[in-house]
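# Structural overview for review
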Amino acid sequence: MKYKVIKDDKTFEIDDLVLFDKQSKDFQTLFNNLENGDIAEFDNVSIVRFSTGRIIINTIEV
């Protein structure tokens, strides 16, 4: 499923069926900068990255 991922003025369209290393390089860089453990918090979602490369996107209700 595709999600709109927002952080400040940056917006990405991320598909949770695509492995992390196949996502855009800009998204990967931002994720790595935000990552705490295996989780990165964005403005509207939190994303968990597993050692297999899979990601889980959790929406944040506002």
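An account of the accompanying structure is given in this report. (Residues numbered from 1 in each chain as written. Predicted model: local features only at pLDDT ≥ 70, side-chain atom pairs only at ≥ 80, totals over all residues. Heavy atoms only, no water.)

### Structural notes on the nonpolar core
Inside soluble globular proteins, nonpolar side chains tend to come together where they are buried. Going by this rule: Here, nonpolar core means buried Ala, Val, Leu, Ile, Met, Phe, Trp, Tyr and Cys residues that are tied together by side-chain atoms lying within 4.5 Å of each other. Here's how the labels work: a residue is buried when its accessible area is under 20% of the maximum for its type, exposed when over 50%, partly exposed in between, all with a 1.4 Å probe on protein chains only. Helix and strand labels come from DSSP, where a helix needs a run of H or I of at least four residues and a strand needs a run of E of at least two; each type is numbered from the N terminus.
Core analysis: the largest hydrophobic core is formed by 14 residues, its most contacted members being Val 5, Ile 14, Phe 27, Phe 31, Phe 42, Ile 47 and Ile 57. Counting residues per element, the ones that place at least two in this core are strand 1 (2-7), strand 2 (10-15), helix 1 (25-34), strand 4 (45-49) and strand 5 (55-59). With three residues, helix 1 is the single largest residue contributor to this core.

### Regarding unusual backbone geometry
We note that Asp 8 has phi near 55°; this positive angle belongs to a residue other than glycine. With respect to the element layout, Asp 8 can be found in the loop between strand 1 and strand 2.

### Section: the packing of aromatic side chains
What counts, and what does not: Pairing of aromatic side chains here covers Phe, Tyr and the six-membered ring of Trp, requires ring centres within 6.5 Å, and sorts the geometry by plane angle: under 30 degrees stacked, over 60 edge-to-face, intermediate tilted. The criterion is that NZ of a Lys, or CZ of an Arg, lies within 6 Å of the ring centre and within 35 degrees of the ring normal, and then a charge sits over that ring.
Applying the stated criterion across every chain yields a total of five aromatic pairs. A network of ring pairs unites the aromatic residues Phe 12, Phe 20, Phe 27, Phe 31 and Phe 42 as a single cluster. The ring of Phe 20 carries Arg 49 above its face, with NZ or CZ at 4.3 Å from the centroid.

### Here's the deal with the side chain of Asp 15
Put simply, the rule is: We count Lys and Arg on the positive side and Asp and Glu on the negative side, and we leave His and both chain ends out. Counted as salt bridges are all cases of a side-chain nitrogen of Lys or Arg within 4 Å of a carboxyl oxygen of Asp or Glu. Side-chain atoms alone can form a polar contact between residues adjacent in sequence; in general such a contact is a pair of N or O atoms within 3.5 Å, and within protein one must be able to donate a hydrogen while the other accepts it. A contact between two residues is defined here by any heavy atoms of the two lying within 4.5 Å.
Tracing the sequence through the fold places Asp 15 in strand 2. Although Asp 15 lies buried, it forms no salt bridge, and the closest oppositely charged side chain, Lys 2, sits 5.1 Å away as judged by the N-O distance. Of the polar contacts made by the side chain of Asp 15, one reaches the backbone nitrogen of Met 1; its length is 3.4 Å. If we skip the residues at most four places from it in the chain, Asp 15 touches Met 1, Lys 2, Gln 23 and Ile 55.

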